[in-house]
Amino acid sequence: MEKRQERYRGKAKTVYATDDPQHLIMHYRDDVSAFDGAKLAKLDRKGETNNRINAYVMGKLSAAGVPTHFVRLLNERDSLVKAMKMLPVECVVRNVCAGSMAKRYGIEEGTRLPEPIFEFFLKNDALHDPLVNDDHIRILGWANADEIAQMKKMTHEVNALLKPMFETAGIVLVDYKLEFGHTLDNPQGPLVLGDEFTPDGCRLWDVKTGEKLDKDRFRRDLGDVIEHYREVARRIGAPL
Ligand code: TMP
Ligand code: ASP
């Protein structure tokens, strides 16, 4: 698969065209960003670490029947993915109250939730990814009712697979963000999981100590960010 021109540069990944219009290359850079791009840095080995973790998690999800855009690892920092048209919304599931939900409702971080809570956010850094509901999404045309239902169902299915997987590794899957789209070759077909699953887009706490193993280490200046990402990889059995 030949890497061609740059298609899109995100905050942590760059997407390249290939010689096949149905496939793209996702290149994981060492860049890290928080607070919608307000805080930026480069962290040595982040790209290769996240590329590996994502490949492992996507592989587990697809083996369990969740359709994903991930095709295969190409090298340390590149993965081959199916070309997608993404929906402009982010799907968050929370098993434990933390982050923006704790702040928004004045609930203590670490409060267990009796059931997972699903939230939609609009993917728009300039607006700081505002919380949106089903009506906003449907009536403003970001996704239709069927896509909304599929996103919720698939995000909960992912939770049912990943929460126990992390638990076995001594890690609490506190919350995470997923993004969905349609593959270019089947634009009316079922939704497919895109983007990534890495410690950049989720909260992971050590089950015994509560130590943070995710991007909150960067957001909150806790240090040793990539060492902790690599600890996650080791614990879940993702080859580094
Ligand atoms: P939040 O607490 O900031 O709303 O985030 C909830 C989870 O979703 C957290 O693990 C981070 C992840 N997330 C992203 O990775 N990117 C985003 O743009 C948003 C809104 C959430
Ligand atoms: N992923 C977003 C950003 O880079 C939000 C965050 O993680 O804080 O800026």
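Residues numbered from 1 in each chain as written. Chains lettered and ligands numbered in written order. Predicted model: local features only at pLDDT ≥ 70, side-chain atom pairs only at ≥ 80, totals over all residues. Heavy atoms only, no water.

## A look at the overall build of the protein chain
Across its full length, the protein chain carries 6 helices and 15 strands. Computed over the C-alpha atoms, the radius of gyration of the protein chain is 17 Å, within 12% of the 18 Å expected from 2.2 N^0.38 for a compact globule of 240 residues. In terms of its C-alpha atoms, the protein chain occupies a principal-axis envelope of roughly 50 × 40 × 35 Å. Going through the 240 residues of the protein chain one by one, you find that 53% of them count as buried. Expressed as a percentage of contacts within the protein chain between residues at least 6 apart in sequence, the contacts between residues at least 24 apart total 56%. Summed over all atoms, the accessible surface of the protein chain reaches about 11,400 Å², with 52% contributed by carbon and sulfur. (Helix = DSSP H or I, 4+ residues; strand = E, 2+ residues; numbered from the N terminus. Rg over C-alpha atoms; globule rule 2.2 N^0.38 Å. Buried < 20%, exposed > 50% of the residue type's maximum accessible area, 1.4 Å probe, protein only. Contact = heavy atoms within 4.5 Å. Areas by Shrake-Rupley, 256 points an atom, 1.4 Å probe, with all protein chains shown as cover.)

## Remarks on the site of ligand 2
All residues adjacent to ligand 2 are Lys 11, Ser 33, Ala 34, Phe 35, Asp 36, Gly 37, Lys 215 and Arg 219. Lys 215 places a polar side-chain atom, nitrogen or oxygen, 2.9 Å from an oxygen atom of ligand 2. At 2.8 Å, a side-chain N or O of Arg 219 approaches an oxygen atom of ligand 2. In the complex, 77% of the free accessible area of ligand 2, which totals 260 Å², lies under the protein chains. The cavity that encloses ligand 2 is the largest pocket. Grouping the constituent residues of the shell around ligand 2 by class yields 2 nonpolar, 2 polar and 4 charged. (Near = heavy atom within 4 Å. Polar contact = N/O pair within 3.5 Å; in protein donor to acceptor, adjacent residues only side chain to side chain. 1 Å grid on protein atoms, 1.4 Å probe; cavity = no way out; pocket = protein on both sides within 12 Å on 5 of 7 lines; lining within 4 Å. Sits in = over half its atoms within 2 Å of the grid points. Nonpolar A, V, L, I, M, F, W, Y, C, P; charged D, E, K, R; others polar.)

## Structural notes on the side chain of Arg 94
In this fold, Arg 94 is placed in strand S9 (residues 89–96). Among the polar contacts made by the side chain of Arg 94, one reaches the side chain of Ser 100 at a distance of 3.1 Å. Side chain to side chain, Arg 94 and Glu 119 meet in a polar contact 2.9 Å long. In this structure Arg 94 touches Ser 100, Met 101, Arg 104, Leu 113, Glu 115, Pro 116, Ile 117, Glu 119, Phe 121, Val 174, Asp 175 and Arg 203, once residues within four positions along its chain are discounted.

## So, the layout of surface pockets
Its volume calculated, the largest pocket comes out at about 1,600 Å³. Looking at the largest pocket, it is lined by 50 residues, and the ones nearest its centre are Lys 11, Glu 90, Asp 129, Lys 177 and Glu 179. The leading source of residues in the lining of the largest pocket is helix H2 (residues 99–105), at 5 residues. Across the lining of the largest pocket, the residue classes break down as 18 nonpolar, 9 polar and 23 charged. (Points joined across faces, edges and corners; volume = space filled by probe spheres on them.)

## Some details on the pattern of salt bridges
As a working rule, side chains carrying opposite charge can pair if their charged atoms are close by. Tallied over the entire structure, the rule returns 31 salt bridges. We note a salt bridge from Glu 196 to Lys 13, for which the minimum N-O separation is 2.7 Å. A residue pair is termed long-range when its members are at least 10 positions apart, and Glu 196 in the loop between strand S14 (192–193) and strand S15 (202–206) and Lys 13 in strand S2 (residues 13–18) qualify at 183 residues. For the residue pair Glu 196 and Lys 13, the accessibility class agrees, reading buried in each case. For Asp 221, the salt bridge identified is with Lys 39, shortest N-O distance 2.7 Å. In this pair, Asp 221 is assigned in the loop between helix H5 (216–219) and helix H6 (225–236) and Lys 39 in strand S5 (residues 39–42), connecting sequence segments 182 residues apart. Residue Asp 221 is classed as exposed on the basis of its relative accessible area of 62%. Each of Arg 94, Arg 104, Glu 109, Glu 119, Asp 175, Arg 203, Asp 216, Arg 219 and Arg 220 takes part in one network of salt bridges that share partners. (Salt bridge = Lys/Arg side-chain N within 4 Å of Asp/Glu carboxyl O.)

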